[in-house]
Amino acid sequence: MQRFKSYTAKQITAHLEQYRSVKLLELPAFFKRAHKQETTHQVWEEGNHPQIIESEAVMHQKLDYIHQNPVKRGYVDQPEHWRYSSARNYAGQAGLIEAIRAW
């Protein structure tokens, strides 16, 4: 998990820097922990808390929670409006990354 988080954080930061997404870079810079001296941004929370997904109902609950986060924060009005969300795939729209919906 640590290697995944490290790799994806670097890729996300590089992508945002490449496209000069100053506003989006402000958040991970703001939330960077003071003791993290080797980076200027913190994309992921520290640690992980795995939970077993035992049923399709629980899977839907977790997906809904993830998809609603940008809405709850006021970034978008609908989950599928968040360009980085798999909610687009579930709404029948093209997402930035193909989402595997068969589980």
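One can find the structure itself at the top, above this paragraph.
Cut-offs applied
Residue indices follow the written sequence of each chain, beginning from 1 at its first position. Given that the model is predicted, a residue must reach a pLDDT of at least 70 before its local features are reported, and side-chain atom pairs must reach 80 or more before they are shown or counted; all residues, however, enter totals for whole chains, interfaces and linings. To obtain the side-chain values, all non-hydrogen atoms of the structure were used and water was disregarded. The secondary structure listing takes helices from DSSP runs of H or I that are at least 4 residues long and strands from runs of E that are at least 2 residues long, numbered from the N terminus. Note on definitions: a residue-residue contact is assigned when non-hydrogen atoms from the two residues lie within 4.5 Å. Pairing of aromatic side chains here covers Phe, Tyr and the six-membered ring of Trp, requires ring centres within 6.5 Å, and sorts the geometry by plane angle: under 30 degrees stacked, over 60 edge-to-face, intermediate tilted. Each residue is placed in one exposure class: buried if its accessible area under a 1.4 Å probe, protein chains only, is under 20% of its type's maximum, exposed if it is over 50%, and partly exposed if it falls in between. Lining residues are defined by having an atom within 4 Å of a point belonging to a cavity or pocket. Those points lie on a 1 Å grid over the protein atoms alone, cavities being sets where a 1.4 Å probe fits but cannot get out and pockets being open sets with protein on both sides within 12 Å along at least five of seven lines. Grid points are joined across faces, edges and corners, and a volume is the space filled by probe spheres set on the points. By the convention adopted, Pro, Cys, Tyr, Trp, Phe, Met, Ile, Leu, Val and Ala count as nonpolar, Lys, Arg, Asp and Glu as charged, and the other residues, Gly among them, as polar.

A.B. asks: It is not clear to me how the side chain of Asn89 should be interpreted in this structure. Could you clarify?
C.D. replies: Of note, Asn89 is situated in helix α4 (residues 87-90). Discounting residues that sit within four places of it in the chain, Asn89 has contacts with Gly95, Ile97, Glu98, Ala99 and Arg101.

A.B. asks: It is not clear to me how the packing of aromatic side chains should be interpreted in this structure. Could you clarify?
C.D. replies: A ring pair, where both rings are aromatic, is described by two values, the distance of the centres and the angle of the planes. As enumerated under the stated definition, the model contains three aromatic pairs in all. Considering the side-chain rings of Phe4 and Trp44, the 6.2 Å spacing of their centres and the 40° angle between planes classify their relative orientation as tilted. One end of the pair, Phe4, is in helix α1 (residues 2-18); the other, Trp44, is in the loop between α2 (22-30) and α3 (56-72), with 40 residues separating them in the sequence. Note on Phe4: relative accessible area 48%, which makes it partly exposed. Classification of Trp44 as partly exposed rests on a relative accessible area of 35%. Ring centres of Trp82 and Tyr84 lie 6.1 Å apart, and the angle between their planes is 70°; on these two criteria the pair is classed as edge-to-face. Overall, Trp82 belongs to the partly exposed group, its relative accessible area being 24%.

A.B. asks: Can you help me understand unusual backbone geometry in this one?
C.D. replies: Glycine aside, negative phi is the norm for most residues, and most peptide bonds take the trans geometry. Despite not being glycine, Arg20 has its phi angle at roughly 50°, a positive value. With respect to the helices, strands and loops of the structure, Arg20 is situated in the loop between α1 and α2. Taking relative accessible area as the criterion, Arg20 reaches 68% and is therefore assigned exposed.

A.B. asks: Would you take a moment to explain the layout of surface pockets for this structure?
C.D. replies: When its volume is computed, the largest pocket comes out at roughly 2,900 Å³. Around the largest pocket sit 49 residues that line it, and Ile12, Val43, Trp44, Ile66 and Asn69 are the ones nearest its centre. At the level of secondary structure, the elements contributing two or more residues to the lining of the largest pocket comprise α1, α2, α3 and α4. If you tally residues by element for the lining of the largest pocket, the top one is α3, at eight residues. A class-by-class count of the residues in the lining of the largest pocket yields 25 nonpolar, 14 polar and 10 charged.

Note that all results are geometric; they support no functional claim without further evidence.
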